[in-house]
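Coordinate inspection notes
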Amino acid sequence: MVTTYLRAIFKGADAISTPKYTHKTIFRIMKAVNNREKILIYGRGNREGICSIATLILVLRYFNADFDYFLIPKGGNRESLIADAKTHLNFFNPGVMLSLNETFTESVHDALEDCDTDLVSIGHGEDQITYGFSSGDDTLLKNVFVFAKDLSINYDTRNIFRYIDLVYLGSDEEDVDEDEVLNMGLNRLKISTNYGIESLKRLKPCDEKDLRKLITPKENPWSMVDNARIIIELLTTEDTNRAEQIAKYLINS
C-alpha cells in the first residue's frame with residue numbers, strides 16, 4: 001500500500017511541483033526509482049562498506065526500486081573493475097551505477113562515457129562527474145545516510161531514521177558523545193527493530209562495540225567477500241528465521 005501511494009504521487013521527478021530538495025543527483029535517483037530503471041550499487045566489503053550498502057538496500061527497497069549490489073574486490077585493479085562494469089552493463093542494462101568507492105568511480109568513469117548509463121558517486125568525486133553527492137563529511141557512512149535522508153524527504157517520509165543504527169555499527173569511532181549522528185545511531189541501536197541486529201543481541205548478549213566485531217568480515221581474501229554478503233543479508237533480511245540462522249553462523253564462526 002505504501003508503494004502504491006508513493007507511485008500515485010510521484011510518477012516522476014519532473015512531476016513534483018514543490019520539491020523539498022533540489023540536488024540533481026537526488027532527482028536522478030528518483031527518476032531511476034520511479035521509472036524502474038535498474039540501479040547497481042558498488043561498495044567495499046569492509047564494515048563501513050557493508051553498512052553503507054545495507055542502508056541503501058533498505059531505503060531503495062522501501063521505495064520499491066529495481067536494484068542489485070556488487071562488492072568491489074579488495075585490491076582489484078583498474079582493468080578488472082572496468083571488465084566487471086562492462087559485464088554488468090551488458091547483462092543488466094542499468095540506468096544508474098551507484099559508486100560508494102573512489103577507486104571504482106575513477107576506474108569506470110571514462111568507460112561509461114559512450115553508454116546510456118549514468119554514474120553516480122556518494123561521498124567523493126562530486127566535482128569530477130555529472131552526478132555526485134557529498135554532505136561535506138569525510139566518512140562514507142554519514143554521506144550515505146544524508147543522501148538517503150534527503151531522498152526520503154523528497155518522498156515525504158521520515159522512516160530513514162530507523163536505519164541510523166547502521167551508521168554507528170559501521171563506524172570506528174569510540175567516543176560518540178560529541179557526534180550527533182553517531183550518538184543518535186547508538187541510541188537507536190539499543191532499541192533497534194532490525195531483524196538481524198535483534199537476533200545477534202538475543203543469541204549473544206553483548207554491548208554495542210562487540211556488535212561491531214560480530215559484523216566485521218574476517219581478513220581472509222578467500223572468505224571475506226562471502227562473509228560480507230552474508231552480513232549484508234543479515235542486516236537487510238525481512239525473514240526472522242533467516243536472520244537467526246545467519247546470526248548463529250556469525251557467532252559460531
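Residues numbered from 1 in each chain as written. Predicted model: local features only at pLDDT ≥ 70, side-chain atom pairs only at ≥ 80, totals over all residues. Heavy atoms only, no water.

Here we come to the packing of helix α9 (residues 195-203) against helix α12 (residues 240-252). Working note: a packed helix pair is described by the angle between its axes plus the distance between those axes. α12 packs onto α9 with a crossing angle of 50° between their chain directions and a minimal axis gap of 8 Å. In terms of orientation, α9 lies oblique with respect to α12. Where α9 crosses over α12, the two elements pack in a sense that is right-handed. On α12, the residues that touch Y195, G196, S199, L200, R202 and L203 of α9 are T240, A243, E244, A247, K248 and I251. Tallied by class, residues from the contact of α9 with α12 come to 6 nonpolar, 3 polar and 3 charged. (Axes fitted to C-alpha atoms, helices over the stretch in contact; angles between N-to-C directions. Helix = DSSP H or I, 4+ residues; strand = E, 2+ residues; numbered from the N terminus. Parallel < 35°, antiparallel > 145°, perpendicular 65-115°, else oblique. Left-handed = near helix turned anticlockwise from the far one by under 90°. Contact = heavy atoms within 4.5 Å. Nonpolar A, V, L, I, M, F, W, Y, C, P; charged D, E, K, R; others polar.)

Chain-level pLDDT for the chain is 87 on average; 89% of the residues reach the 70-or-more range. Per-residue pLDDT stays below 50 along residues 1-18; that stretch engages in 19 contacts with residues further than four places along the chain or on separate chains. (pLDDT = per-residue confidence, 0-100.)

Among the residues making up helix α8 (residues 180-190), those that are buried are L182, G185, L186, R188 and L189. The buried residues of α8 occupy one face: seen down the axis, they fall within an arc of 165°. Looking at the buried positions of α8, the neighbouring elements they touch are α6 (140-154), α7 (165-170), α9 and α10 (208-214). With a side-chain oxygen positioned 3.2 Å from the backbone nitrogen of V181, the residue opening α8 is D179. (Buried < 20%, exposed > 50% of the residue type's maximum accessible area, 1.4 Å probe, protein only. Arc of directions from axis to C-beta. Polar contact = N/O pair within 3.5 Å; in protein donor to acceptor, adjacent residues only side chain to side chain.)

Attention shifts here to unusual backbone geometry. Located in the positive-phi region is R36, a residue other than glycine, with phi close to 60°. With respect to the helices and strands, the residue R36 is situated in the loop between α2 (24-34) and β1 (38-44). Phi is positive for N93, close to 50°, though the residue is something other than glycine. Secondary-structure assignment places N93 in the loop between α4 (78-92) and β3 (96-99).

This part covers the environment of N35. Mapped onto the elements of the fold, N35 is located in the loop between α2 and β1. What makes N35 partly exposed here is its relative accessible area of 46%. Taking the C-alpha atoms as reference points, N35 and D66, 31 residues apart in sequence, are found 9.4 Å from one another.

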